[in-house]
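Residues per chain are reported as follows:
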Amino acid sequence: MRFTELNKITATIEGWITYNESRFLFDAASKLKNKGVFVEIGSYKGKSTAFIGNGAKISGIKKVYCVDPHIGSEKLREKLGVYNSFQEFQRNCALSKIDHLVIPIIDISENAIKTFSEDIEMLFIDGDHEYPAVKLDFDLWYPRLLTGGIICFHDTNLPGPRKVVLDHVLKSKNFKNSGRADSIIYAEKVDENTFLDRMKNRLVYLSLRKFLCIRSVKSSIPASINKLFKCNISIH
């Protein structure tokens with residue numbers, strides 16, 4: 001399925017992923033070398049999974065593991081009570097025609113890794129965003145990532161994922177070719193990077209800081225002024 005078609009189909013799926021982020025996941029998954037599997041930690045209703053799975057079909061990846069207990073966040077459970085998103089996840093995988101690739105693991109990350117033995121070519125961490133949880137996901141799953149494999153973190157605009165990425169990826173000697181797609185930061189695992197690689201990694205972090213500053217300024221401008229500004233641009 002082409003990205004443009006997929007983007008239309010997934011418009012009805014609830015999720016928190018931007019156009020640039022979904023484009024990155026689709027393109028990155030489509031360029032894998034079929035040396036391992038794809039693992040997504042935190043799938044919710046399958047919006048990001050749809051882009052991952054369809055990209056994986058292009059590269060020949062046969063398995064996309066999706067780790068999620070499907071009970072929602074603590075705040076969501078407080079609001080709705082007992083909650084389960086798994087049936088919607090299944091329907092959305094079928095809708096995006098990836099149900100034959102997706103292997104759901106309905107459990108928390110810490111339990112799922114205990115019986116997991118596959119080599120990972122791409123790892124997408126998007127579970128609990130508190131720092132201890134993100135760090136635990138990284139510590140548990142990173143050893144299964146192949147050298148040359150890609151790790152990516154969603155929502156690095158939040159303190160938890162951002163700190164893990166800065167301290168354990170962008171400052172590390174084990175990653176290069178890092179980049180950013182909105183709030184996703186990604187990097188390639190290597191045995192040892194160079195000084196130049198580490199400097200390039202730092203530039204990615206500076207790019208994230210700039211992105212956050214611009215977004216903060218935009219959000220602080222009253223809607224009426226924003227609207228007036230757009231009108232003036234259109235007139236001229």
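Counting restarts for each chain, with residues numbered from 1 along the sequence as it is written. Confidence filtering applies because this is a predicted model: local features only for residues at pLDDT of at least 70, side-chain atom pairs given and counted only at 80 or more, and all residues used for totals across whole chains, interfaces and linings. As a rule here, side-chain values cover all heavy atoms of the structure and leave hydrogens and water aside.

*Asks:* I would appreciate a short explanation of the layout of surface pockets in the present structure.
*Replies:* The method is simple in principle: a probe with the dimensions of a water molecule rolls over the atoms, and the space it marks as empty is what remains. A cavity here means a set of points on a 1 Å grid, drawn over the protein atoms and nothing else, where a 1.4 Å probe fits but cannot get out; a pocket is an open set with protein on both sides within 12 Å along at least five of seven lines, and a residue lines either one if it has an atom within 4 Å of a point. Grid points are joined across faces, edges and corners, and a volume is the space filled by probe spheres set on the points. As a volume, the largest pocket reaches approximately 1,400 Å³. Lining the largest pocket are 48 residues, and of these Ser73, Asp126, Gly127, Asp128 and His129 lie nearest its centre. Helix and strand labels come from DSSP, where a helix needs a run of H or I of at least four residues and a strand needs a run of E of at least two; each type is numbered from the N terminus. Ranked by the residues each element gives to the lining of the largest pocket, the list is headed by helix α4 (residues 74-80), at 4 residues. Reported here for the second largest pocket is a volume of approximately 320 Å³. Taken together, 15 residues line the second largest pocket, and the ones lying closest to its centre are Lys31, Leu32, Lys33, Gly148 and Ile150. Elements with a contribution of two residues or more to the lining of the second largest pocket: α2 (19-30), β5 (145-153) and β7 (184-189).

*Asks:* Is there a simple way to explain the pairing of β7 in this structure?
*Replies:* Regular strands place their side chains on alternate faces of the sheet. Three labels apply to residues, based on accessible area from a 1.4 Å probe with only protein chains included: buried if under 20% of the type maximum, exposed if over 50%, partly exposed otherwise in between. For β7, a buried count of 5 out of 6 residues is recorded, marking the element as mostly surrounded by other parts of the structure. By the bridge criterion, 4 bridges tie β5 to β7 in an arrangement that is antiparallel. Bridge assignment links isoleucine 150 to a residue of β7, and that residue is glutamate 188. Here, a strand pair is defined by DSSP locating no fewer than two bridges between the strands. The turn joining strand β6 (residues 175-181) and β7, which pair antiparallel and follow one another in sequence, is formed by 2 residues; a positive phi near 55 degrees is taken by aspartate 182.

*Asks:* I'm lost on the environment of isoleucine 9 in this one. Help?
*Replies:* With respect to the helices and strands, the residue isoleucine 9 is situated in helix α1 (residues 3-9). For isoleucine 9, a relative accessible area of 23% puts it in the partly exposed group. Separated by 38 residues in sequence, isoleucine 9 and lysine 47 have C-alpha atoms that sit 9.9 Å apart. We call two residues in contact when some of their heavy atoms are within 4.5 Å. Not counting chain neighbours up to four residues away, the residues in contact with isoleucine 9 comprise Met1 and Leu95.

*Asks:* Any chance you could explain the sheet that holds strand β2 (residues 64-67) here in plain terms?
*Replies:* Within a sheet, each strand pairs with its neighbour through backbone hydrogen bonds, oriented either parallel or antiparallel. Spatial strand order, β3-β2-β1-β4-β5-β7-β6: 7 strands in an open sheet with mixed pairing. Taken across any chain shown, the strands that pair with only one partner, and hence form the sheet edges, are β3 (102-105) and β6. In this sheet, adjacent strand axes meet at a mean angle of 15 degrees when their direction is disregarded. Relative to β3, β2 runs parallel, the two being bridged by 4 bridges. Bridged to valine 64 within β3 is valine 102. Geometry is summarised by axes, namely lines fitted to C-alpha atoms with helices restricted to the contacting stretch, and by angles between N-to-C directions that run from 0 to 180 degrees.

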